[in-house]
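This is what each chain is made of:
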Amino acid sequence: MKYVVCVPDGCADEPVDELGGRTPLEVAATPVLDALAARGEVGRAAVIPDGMPPGSDVGNMAIFGYDPATFHTGRAPIEAAALGLKLRPDQLAYRCNLVTVGADGTMVDFAGGHPSSEDAHVVIAALQEELGGDGIEFHPGVEYRHILVTPADWADADCTPPHDLSDKPVIWPSGPAAPKVQQLMDASRAVVGASNLAANQVWLWGQGFQPQMPSFSSLYGIDAALSSAVDLVRGLGVLTDIEVVDVEGMSAGYDTDYAAQRECALDTLGDGADLFIIHIEATDEAGHAGDVAEKVRALENWDREVLADLVPGLDALGDWRLLLLPDHATPLRLKTHTADPVPYLLVDSKVDGPGGVYSEVGVAGHEARPGHTLMARLLGA
Ligand SMILES: [Zn+2]
């Protein structure tokens, strides 16, 4: 039996005025997805447990079959894992954004003018030179997104994600460890401000200890692999010993090569992997941009470039099961994530389900299942 998990990030939505009160999932022309839903099982998945932040780290952890309420410690340690950092128990990882804060204390740009990784790495190296040491380590990541490793006693601070502060007065950290965090952010201004970036300081948030996650194979007894252009998802793979496969042409943007990820999944399964996770960011990106047409187009790309040839490819490998669901909703109206349950689809190549329609409305009457339980349901465990 081969298993595929398809994750169109943030694809779930709300009725959209521009679409005549329908959702992108309802409007997109997805004949293959529709046919799979008609022979499978649809339902609702609570991918974000009650009270947890509706992030891709939480939602994908649930999709991978790990209860976020047990295993999630923060977003930064997952991104640190994606950079290949292994944290000791006495170390903590913070997400370290390069940001632009206005003279009036407004968060002008949580992405610090989107520097190139190359330009940003020069600044991160300078920060390490000037402010590193004594357990403080700056690690270069991608573009404006970097990692700071600190001693364990920096853990107890309430830090606001900078993207939640766009065009608003910043909210400085609070809590027992806040003075240390604040002092470093303040000290970073001399270094970042002296660079040629639009950013003028670092912003620290999302901290956590390295989550202690059992390997996927020890938990579920099969070997898994994944492809994703997103650090968080790749980091979850590192933490769970799921093989992270690089795919040429894969990106976190609209122009990502969908077909290349499909082919990679089929090749990897053909080479012996039991389960493959295909994660594609474009639907989430469109949600954040409030771009109705791109969200619909991304779903149609999934259907035409991934699912249409995935199904016969899987048939050629033998029996298979498929699970499809997003890690959270990213409604176009809100341009950000919500914690609402999302529609899921489960298909077995040999056993027909009750059939249904894969959309928010199509599953509205179903009770939400905890998202992390769907992996066991997929595997028939
Ligand atoms: Zn998102």
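Residue numbers restart at each chain and count upward from 1, following the sequence in its written direction. Restriction of local features to residues with pLDDT of at least 70 applies here, the model being predicted, together with a cutoff of 80 or more for giving and counting side-chain atom pairs; totals for whole chains, interfaces and linings are based on all residues. Each side-chain value is derived from all of the structure's non-hydrogen atoms; neither hydrogens nor water enter the calculation.

A. A look at the pairing of strand S1 (residues 2–8). Working definition: with a 1.4 Å probe on protein chains only, accessible area under 20% of the residue-type maximum means buried, over 50% means exposed, and in between means partly exposed. Starting at the N terminus, helices and strands are each numbered in turn, a helix being any DSSP run of H or I of at least four residues and a strand any DSSP run of E of at least two. Along S1, seven of the seven residues are buried, which leaves the element largely enclosed by surrounding structure. Bridging between S1 and strand S11 (residues 320–324) involves five bridges; their strand directions are parallel. In the sheet register, cysteine 6 faces S11, and the bridge partner there is leucine 324. Where S1 lies against strand S10 (residues 275–280), six bridges are found, and the strand directions are parallel. The rule for pairing is simple: two strands pair if DSSP sees at least two bridges between them.

B. Up close: the coordination of the zinc ion. Protein-derived ligands of the zinc ion are Asp284 (OD), Asp284 (OD), His288 (NE2) and His337 (NE2), with the metal-ligand distances lying across 2.0 to 2.6 Å. Donor criterion used throughout: N, O or S atom within 2.8 Å of the metal, extended to 3.2 Å for Na, K and Ca. Water excluded; incomplete-looking sites may result. Every angle between 85 and 135 degrees makes a four-donor site tetrahedral, while opposite donors more than 155 degrees apart, with all other angles between 65 and 115, make a four-donor site square planar and a six-donor site octahedral; other sites are irregular. Of note is the zinc ion, whose four donor atoms meet at the metal with angles of 55 to 144° in an arrangement that counts as irregular. Look at where the donors of the zinc ion fall in the sequence and you get D-x3-H-x48-H. Taken together, the positions of aspartate 284 and histidine 288, both in helix H11 (residues 282–289) and four residues apart, correspond to about one turn of that helix. We classify aspartate 284 as buried; its relative accessible area is 3%.

C. Main features of the nonpolar core. Here, the term nonpolar core denotes a set of buried Ala, Val, Leu, Ile, Met, Phe, Trp, Tyr and Cys residues that are joined through side-chain atoms within 4.5 Å. Ranked by internal contacts, the top residues of the largest apolar core, which has 84 residues, are Leu275 and Leu325. Considering each element in turn, this core owes the most residues, ten residues, to helix H12 (residues 292–317). By the convention used here, residues are in contact when the closest approach between their heavy atoms is within 4.5 Å. If sequence neighbours within four positions are ignored, leucine 325 has contacts with Cys6, Val7, Pro8, Ala45, Val47, Ile63, Val342, Pro343, Tyr344, Tyr358 and Leu374. The next biggest cluster of nonpolar side chains, apart from the first, holds 33 residues, and it includes Ala120, Tyr144, Val192 and Leu197.

D. Structural context of the environment of alanine 260. Of note, alanine 260 is situated in helix H10 (residues 258–270). Alanine 260 gets classed as buried once you look at its relative accessible area, which sits at 19%. Distance from alanine 260 to cysteine 159, taken between C-alpha atoms, is 38 Å for residues 101 residues apart in sequence. The contact partners of alanine 260, leaving out residues within four places of it in the chain, are Val247 and Glu248.

E. Quick peek at the pairing of strand S12 (residues 342–348). With respect to burial, S12 is a largely interior element, seven of its seven residues being buried. Of the two faces of S12, the one carrying Val342, Tyr344, Leu346 and Asp348 and the one carrying Pro343, Leu345 and Val347 are both buried. In this sheet, S12 lies alongside S11 in antiparallel orientation, the contact comprising four bridges. The residue bridging leucine 324 from the neighbouring strand is leucine 345, located in S12.

F. Here's a closer look at the packing of aromatic side chains. Aromatic pairing here means that ring centres of Phe, Tyr or Trp (its six-membered ring) are within 6.5 Å. Orientation follows from the plane angle: under 30 degrees is stacked, over 60 is edge-to-face, and everything else is tilted. On inspection of all chains with the given rule, the structure shows four aromatic pairs. On the numbers, 5.5 Å between centres and 80° between planes, the contact of tyrosine 66 with phenylalanine 71 is edge-to-face. Residue tyrosine 66 is classed as buried on the basis of its relative accessible area, which comes to 0%. With relative accessibility at 19%, the residue phenylalanine 71 sits in the buried group. Centre to centre, the rings of phenylalanine 110 and tyrosine 144 are 6.0 Å apart; their planes meet at 80°, and the pair counts as edge-to-face. Highlighted residues: phenylalanine 110 in the loop between strand S4 (107–109) and helix H6 (117–131) and tyrosine 144 in the loop between strand S5 (137–142) and strand S6 (145–151), separated in sequence by 34 residues.

G. View of the sheet that holds S10. Strand order in the open sheet formed by eight strands is S9-S8-S10-S1-S11-S12-S2-S13, with mixed pairing between adjacent strands. Two strands close off the open sheet at either side, each with one partner strand: strand S9 (243–244) and strand S13 (368–370). Orientation is described by axes fitted as lines to C-alpha atoms, over the contacting stretch for helices, and by angles from 0 to 180 degrees between their N-to-C directions. Here helix H2 (residues 31–39) sits on the sheet in contact with strand S2 (41–46), S11 and S12, set at roughly 75° to S12.

H. Up close: unusual backbone geometry. Within the chain, histidine 114 stands out as a residue other than glycine whose phi angle is a positive 50°. Its location among the elements puts histidine 114 in the loop between S4 and H6. Taking relative accessible area as the criterion, histidine 114 reaches 53% and is therefore assigned exposed. Residues other than glycine seldom take positive phi values, yet lysine 335 does so here, at roughly 60°. The class for lysine 335 is partly exposed, based on a relative accessible area of 46%.

I. Fine view of H10. Helix span, as expected, comes to 1.5 Å for every residue beyond the first. Helix length check: H10, at 13 residues, gives a terminal C-alpha distance of 19 Å against a target of 18 Å (1.5 Å per residue), a fit within 8%. Taking burial as the measure, the 13 residues of H10 include ten buried ones, the bulk of the element. Within the span of H10, buried status applies to Tyr258, Ala259, Ala260, Gln261, Arg262, Cys264, Ala265, Leu266, Thr268 and Leu269. Of the surrounding secondary structure, the elements contacted by the buried residues of H10 are S1, strand S8 (224–227), S10, H11 and H12. The definition of a polar contact used here is a pair of N or O atoms within 3.5 Å, where within protein one atom must be able to donate a hydrogen and the other to accept one, and adjacent residues in sequence count solely through side-chain atom pairs. Measuring from the backbone nitrogen of alanine 259 back to the side-chain oxygen at the start of H10 gives 3.3 Å, which picks out aspartate 257 as the cap.

J. The pattern of salt bridges, seen in detail. A carboxyl oxygen of Asp or Glu within 4 Å of a side-chain nitrogen of Lys or Arg is what we treat as a salt bridge. Counted under the stated rule, the structure contains 17 salt bridges. Shared partners join several salt bridges into a network, and the residues in it are Arg75, Glu79 and Arg95.

K. Seen up close, helix H3 (residues 56–63). Burial within H3 is extensive, with eight of its eight residues counted as buried. When H3 is considered as a whole, its buried residues turn out to be Ser56, Asp57, Val58, Gly59, Asn60, Met61, Ala62 and Ile63. Where H3 is buried, its residues touch S1, helix H4 (68–71), helix H5 (76–82), helix H9 (231–239), S10 and helix H13 (374–379). Phi turns positive, to about 95°, at glycine 65, one or two residues after H3.

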